[in-house]
Amino acid sequence: MLRFAPSPTGDMHIGNLRAAIFNYIVAKQQHKPFLIRIEDTDKERNIEGKDQEILEILKLMGISWDKLVYQSHNIDYHREMAEKLLKENKAFYCYASAEFLEREKEKAKNEKRPFRYLDEWAALEKDKHHAPVVRLKAPNHAVSFNDAIKKEVKFEPYELDSFVLLRQDKSPTYNFACACDDLLYEISLIIRGEDHVSNTPKQILIQQALGSNNPIVYAHLPIILDETSGKKMSKRDEASSVKWLLNQGFLPEAIVNYLITIGNKVPKEVFSLDEAIEWFDLENLSSSPAHFNLKYLKHLNHEHLKLLDDDKLLELTLIKDKNLLGLLRLFIEECGTLLELKEKISLFLEPKDIVKTYENEDFKERCLALFNALKSMDFQAYKDFESFKKEAMRLSQLKGKDFFKPLRILLTGNSHGVELPLIFPYIQSHYQEVLRLKA
């Protein structure tokens, strides 16, 4: 089984979605079940409703799953596994307080040396009668694994101390719950971000202590760098949030296309998730960080907008009149996002605001003069834009820039865009709705 294990503690990050996509693709390729495991054991950080938001985003992206579990439902199992390790003398109780450990960390910092927990501290404050934590005994050997992307990764004994499995309240730590559940659901391959590399030796040690003889294959994805600073994209970067991208009018298909493309060798530029399942290969992923590029994402989004079928295009733009499909297709040529497309069609159909948008009193007067001339015309009586234009010029007594700029604004709500002769057939059939001024 493969899995994606998000925490409901904030908006889904594009790096997390990228991991979800790759795990899903490989599960499909290997004909293995795909598990979604909501890692909700950190109750203080959980945000109500974020689990459902994550699931909805996955559905939007075309990702389905065979099993959905909440990690908190397995806490009894986690405690049972901790008890097993204690009985087998592979784990121990530690009574050292958080305050004591904090002082030791500060001392290490002042002495400019890495902090490392010492097993001799375990019973130091036992007489204070506060609840102990449970720690796994530190290894006396190196821990190494062959990463599918990063290749050989090795941690020496001095880099690994006796780390916590159960907190004072008997809740499992992230690494313990994760390692136990990966065993429980027989996870065979884990694709996740490289920020988890330091967690991997701990999870391997836990699984080995629990008697696992079925090692998991790991693939740690390089981080995604911000396009301006070149630093890791953090949750503070708007574009790192999948929810923000969707709200900005990026199509799920384009987001998936983009996240599969970056840092990868792909056979074509524009593709669907189903197509990617046919050729995706973990070995083609670069081990170097990928740079986020909003401009390229917008380009891919433009291509996917063009691929939308008629019914989906009408649904997404909230347009009910099928006669406007041709106009929508024309507007798509100038749009990078669904938001831009919806704005263009809204400006076309809504009353035109000549006061707010445009320049000066003289311009307003020209707009009003042309508006009055156009109101007297039956747009459908003209065989083409050229004959319509000549009559509109004659009635308004305007020409050149004084005619064309007000005309475009009165007919489209925008000072630039698709050529008017191309739009004119759609204006003809909707001119009474189009030719309106905002009060």
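Below is a short write-up of the structure. Everything numeric here is computed off the predicted structure, so don't read it as measured data. (Residues numbered from 1 in each chain as written. Predicted model: local features only at pLDDT ≥ 70, side-chain atom pairs only at ≥ 80, totals over all residues. Heavy atoms only, no water.)

## Looking at the overall build of the chain
Each helix and strand in the chain was counted, giving 17 helices and 12 strands. For 439 residues, the compact-globule estimate of 2.2 N^0.38 gives 22 Å, and the C-alpha radius of gyration of the chain, at 30 Å, exceeds that figure by more than 25%. Burial analysis of the chain (439 residues in total) assigns 49% to the buried set. A separation threshold of at least 6 residues defines the contact pool for the chain, and within that pool the share at least 24 residues apart is 73%. Accessible surface for the chain amounts to roughly 22,300 Å². Of this, 48% is attributable to carbon and sulfur atoms. Taking the 63 positively charged and 68 negatively charged side chains of the chain as two groups, their mean positions are separated by 2 Å. (Helix = DSSP H or I, 4+ residues; strand = E, 2+ residues; numbered from the N terminus. Rg over C-alpha atoms; globule rule 2.2 N^0.38 Å. Buried < 20%, exposed > 50% of the residue type's maximum accessible area, 1.4 Å probe, protein only. Contact = heavy atoms within 4.5 Å. Areas by Shrake-Rupley, 256 points an atom, 1.4 Å probe, with all protein chains shown as cover. Lys, Arg positive; Asp, Glu negative; His and termini not counted. Charge placed at Lys NZ, Arg CZ, Asp CG, Glu CD.)

## Structural notes on the sheet that holds strand E4 (residues 91–94)
Spatially, 3 strands are ordered E4-E5-E8 in an open sheet, and the strand pairing comes out antiparallel. In the strand order of this sheet, the two ends are held by E4 and strand E8 (164–166), each with one partner. Neighbour to neighbour, the strand axes of the sheet diverge by 45° on average, direction disregarded. Bridging between E4 and strand E5 (residues 133–136) involves 4 bridges; their strand directions are antiparallel. Residue pairing for E5: alanine 91 is matched across the bridge by leucine 136. (Pairing = 2+ DSSP bridges. Axes fitted to C-alpha atoms, helices over the stretch in contact; angles between N-to-C directions.)

## Re helix H6 (residues 200–209)
Burial runs high along H6: 8 of the 10 residues are buried. Those residues of H6 not exposed but buried are Thr200, Pro201, Gln203, Ile204, Leu205, Ile206, Gln207 and Ala209. Just downstream of H6, glycine 211 is the residue with a positive phi angle, here 90°.

## Description of the pattern of salt bridges
Under the counting rule described, the total for this entry stands at 25 salt bridges. In this structure, arginine 45 engages aspartate 42 in a salt bridge whose closest nitrogen and oxygen atoms are separated by 3.9 Å. The class of arginine 45 is partly exposed, set by a relative accessible area of 49%. The shortest N-O distance in the salt bridge between glutamate 386 and lysine 389 comes to 3.0 Å. Placement of the pair is glutamate 386 and lysine 389 together in helix H15 (residues 385–396), with a separation of 3 residues, close to one helical turn. (Salt bridge = Lys/Arg side-chain N within 4 Å of Asp/Glu carboxyl O.)

## Overview of helix H14 (residues 361–375)
Here H14 is 15 residues long and its end C-alpha atoms lie 21 Å apart, about the 21 Å a rise of 1.5 Å per residue gives. The set of residues buried in H14 consists of Phe363, Cys367, Leu370, Phe371, Ala373 and Leu374. Buried residues of H14, seen end-on, are gathered within an arc of 165° and therefore sit on one face of the element. Opposite its buried face, H14 presents the exposed residues Asp362, Asn372 and Lys375, each directed more than 90 degrees away. Taken together, the buried residues of H14 touch H15 and helix H16 (401–412). (Expected span 1.5 Å × (residues − 1). Arc of directions from axis to C-beta.)

## Some words on the packing of aromatic side chains
With the rule as written, the count across this model stands at 17 aromatic pairs. Where phenylalanine 100 meets tryptophan 121, the ring centres are 5.4 Å apart and the plane angle is 85°; that geometry is what we call edge-to-face. Linking phenylalanine 100 in helix H4 (residues 98–110) with tryptophan 121 in the loop between H4 and E5, this pair joins segments that are 21 residues apart in sequence. Classification of tryptophan 121 as buried rests on a relative accessible area of 9%. Residues phenylalanine 403 and phenylalanine 404 carry aromatic rings whose centres are separated by 5.1 Å and whose planes lie at 80° to one another, so their mutual orientation is edge-to-face. Accessibility expressed as a relative area gives 0% for phenylalanine 403, which makes it buried. For phenylalanine 404, a relative accessible area of 34% corresponds to the partly exposed category. We note lysine 405 situated over the ring of phenylalanine 363; from NZ or CZ to the ring centre the distance is 5.8 Å. (Phe/Tyr/Trp six-rings, centres within 6.5 Å; stacked < 30°, edge-to-face > 60°. Lys NZ or Arg CZ within 6 Å of the ring centre and 35° of its normal.)

## Comments concerning the side chain of histidine 78
Relative to the helices and strands, histidine 78 is located in helix H3 (residues 75–87). Those residues in contact with histidine 78 that sit more than four places away from it in its chain are Gln71, Pro172, Phe176, Ala177, Cys180 and Asp181.

## A few points about the nonpolar core
Buried together is how nonpolar side chains tend to be arranged in soluble globular proteins. One finds Leu17, Ile21, Leu58, Ile63, Leu259 and Ile260 to be the most contacted residues of the largest nonpolar core, which totals 52 residues. Ranked by residue count, the leading element in this core is helix H1 (residues 14–29), at 10 residues. If you look at the next biggest cluster of nonpolar residues, it comprises 46 residues, including Leu327, Leu374, Leu407 and Ile409. (Core = buried A, V, L, I, M, F, W, Y, C linked by side-chain atoms within 4.5 Å.)

## What about the packing of H14 against H16?
The description of two packed helices rests on the angle between their axes and on the distance between the axes. As a packed pair, H14 and H16 sit with axes 9 Å apart at the nearest point and diverge in direction by 70°. What the angle tells us is that H14 and H16 run roughly perpendicular. In this structure, H14 meets H16 at a crossing whose hand is right-handed. Residue-level inspection shows Phe363, Arg366, Cys367, Leu370, Phe371 and Leu374 of H14 in contact with H16, the latter providing Asp402, Phe403, Lys405, Pro406, Leu407, Ile409, Leu410 and Leu411. Among the residues forming the contact of H14 with H16, the class breakdown is 11 nonpolar, no polar and 3 charged. (Parallel < 35°, antiparallel > 145°, perpendicular 65-115°, else oblique. Left-handed = near helix turned anticlockwise from the far one by under 90°. Nonpolar A, V, L, I, M, F, W, Y, C, P; charged D, E, K, R; others polar.)

## What about the state of the cysteines?
Taken as a whole and judged by the stated rule, the model has 0 disulfides. Of the cysteine sulfurs around cysteine 180, a residue in no disulfide, the closest is that of cysteine 178, at 9.4 Å. (Disulfide = S-S within 2.5 Å.)

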